Amino acid sequence: MNSTTPAPQIKPWIEALAPYVPGKAKLDGRPIVAKLSSNENPFGPSPLAVTAMQAVLANTNRYPDPASTELRTAIGALHGIDPERIICGTGSDEIIHLVAGAFAGVGDEILYPRYGFAVYDIAARRVGATPVVAPDLDYGTDVDALLALVTPRTRVVFLANPNNPTGTLISAAEVRRLHAGLPSDCVFALDCAYAEFAEGEYEDGLALSDAHANVVTMRTFSKIYGLAAQRIGWGYAQPALVSAMHRIRAPFNVPTTGQAGAVAALGDTDWVEKTRSHTLEWRRWLTEQVTALGNKGLRAIPSAANFVLVEFPAEGTLTADKANEALLADGIIARYLAVQSMPRCIRISVGTEAETRAAAVSLRRFAGID
Ligand code: PMP
């Protein structure tokens, strides 16, 4: 190319953006014993959702309902909220991007906790806003640290609760204290992707969204509902916020199959309950297994989600990168978090009983126990 011909200019904030690194889905040539890298539902979607998706396949020459009307109605009925205030997205990933795009831009700040969900950084940089990262509290959310970093330029605060990749949860009172400390012109985006796995009193954000003009609550069908491949998430907020987000969303952002599958999945409360009780039982079991390796320097961070974050010693023979290799050699794909500035950590999703046991067996062997 002629050196005098100007090349397209990539925006500096896009140039500065490190792309999302998804969990590994394949092993080179070897069979996978357990894929525990993306916090998916190990049982799959509800059979009712599969039937509902199959039933609409022949209609997929037509564009989907751009308003996801039936799905919003079903979500509204389940949660007792106004369907008009719900916006569906191509995964809750899209809702995160819509929040950043509608409320922040160049010169603005978007604030979130260190070890928050990786897409917050991408969403902030994508729109040219400055990401501001608050220190963590032993991997968890530090409300005071977040509040201390709020400035007149803070346009959005993202908080995942339970958080991914740490699994940490802050109390309902702490969530409300964070919101109460934010200026009314700062959007509080509360990401409840793992809400169904939290135990005890829990702030799901819906009443906060009803009561305040600056709260967006976000949910997903990718986790407990087992529909990750269909890409369906939703947000809930007051009309002014929802209408701003609608303006910039893709017009046909949730496929017909996803809409039909999600409506059916909402109706299969037995499937949801089965996944929930299994996840809580095996999350506890996996946490205990890791805790039993405490004398080897391994530590399980207490989790309120469908995975467990394991911290390894910083040095020696039992480091996280070596553990990751050992797990992979046993056919177990977990999420080694060096790319998220957590070189000592591996996140292990709760799988089926056999998968979760296989992960624990592999970890014990790695630690020299068996
Ligand atoms: N928020 C959090 C905290 C997540 O962990 C994830 C998925 N890993 C998402 C949002 C996005 O989920 P999805 O786009 O599949 O709805």
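Residues numbered from 1 in each chain as written. Predicted model: local features only at pLDDT ≥ 70, side-chain atom pairs only at ≥ 80, totals over all residues. Heavy atoms only, no water.

Mind showing me how you'd approach the site of the ligand here?
The immediate surroundings of the ligand are formed by 14 residues, with Ser-92, Asn-164, Asp-191, Thr-220 and Ser-222 found nearest. In this structure, an oxygen atom belonging to the ligand sits 2.9 Å away from a main-chain N or O atom of Asp-93. Ser-222 has a polar side-chain atom sitting 2.6 Å from an oxygen atom of the ligand. Taken by itself the ligand offers 400 Å² of open surface, and the protein chains cover 94% of this. Take the shell around the ligand: its biggest share by element is four residues, from helix H4 (residues 91–103). The residue inventory of the shell around the ligand, partitioned by class, reads five nonpolar, five polar and four charged. (Near = heavy atom within 4 Å. Polar contact = N/O pair within 3.5 Å; in protein donor to acceptor, adjacent residues only side chain to side chain. Areas by Shrake-Rupley, 256 points an atom, 1.4 Å probe, with all protein chains shown as cover. Helix = DSSP H or I, 4+ residues; strand = E, 2+ residues; numbered from the N terminus. Nonpolar A, V, L, I, M, F, W, Y, C, P; charged D, E, K, R; others polar.)

Would you explain the pattern of salt bridges in this entry?
Two side chains of opposite charge can pair, provided their charged atoms sit close to one another. In the structure shown here, the tally under the stated rule is 20 salt bridges. Arg-85 is paired through a salt bridge with Asp-82; the nearest N and O atoms lie 3.9 Å apart. The exposure class assigned to Arg-85 is partly exposed, which follows from its relative accessible area of 21%. Between Arg-125 and Asp-121 there is a salt bridge, with its nearest N and O atoms 2.9 Å apart. In this pair, Arg-125 and Asp-121 both sit in helix H5 (residues 119–126), four residues apart, roughly one turn of the helix. Judged by its relative accessible area of 24%, Arg-125 is partly exposed. Connected via shared salt-bridge partners are Asp-138, Arg-299, Glu-311 and Arg-344. (Salt bridge = Lys/Arg side-chain N within 4 Å of Asp/Glu carboxyl O. Buried < 20%, exposed > 50% of the residue type's maximum accessible area, 1.4 Å probe, protein only.)

Sorry, what's going on with the pairing of strand S2 (residues 86–90) here?
Along a regular strand, successive side chains alternate from one face of the sheet to the other. Counting buried residues in S2 gives four out of five residues, a clear majority hidden from the surface. Relative to strand S8 (residues 232–236), S2 runs antiparallel, the two sharing five bridges. Among the inter-strand pairings, Ile-87 is bridged to a residue of S8, identified as Gly-235. (Pairing = 2+ DSSP bridges.)

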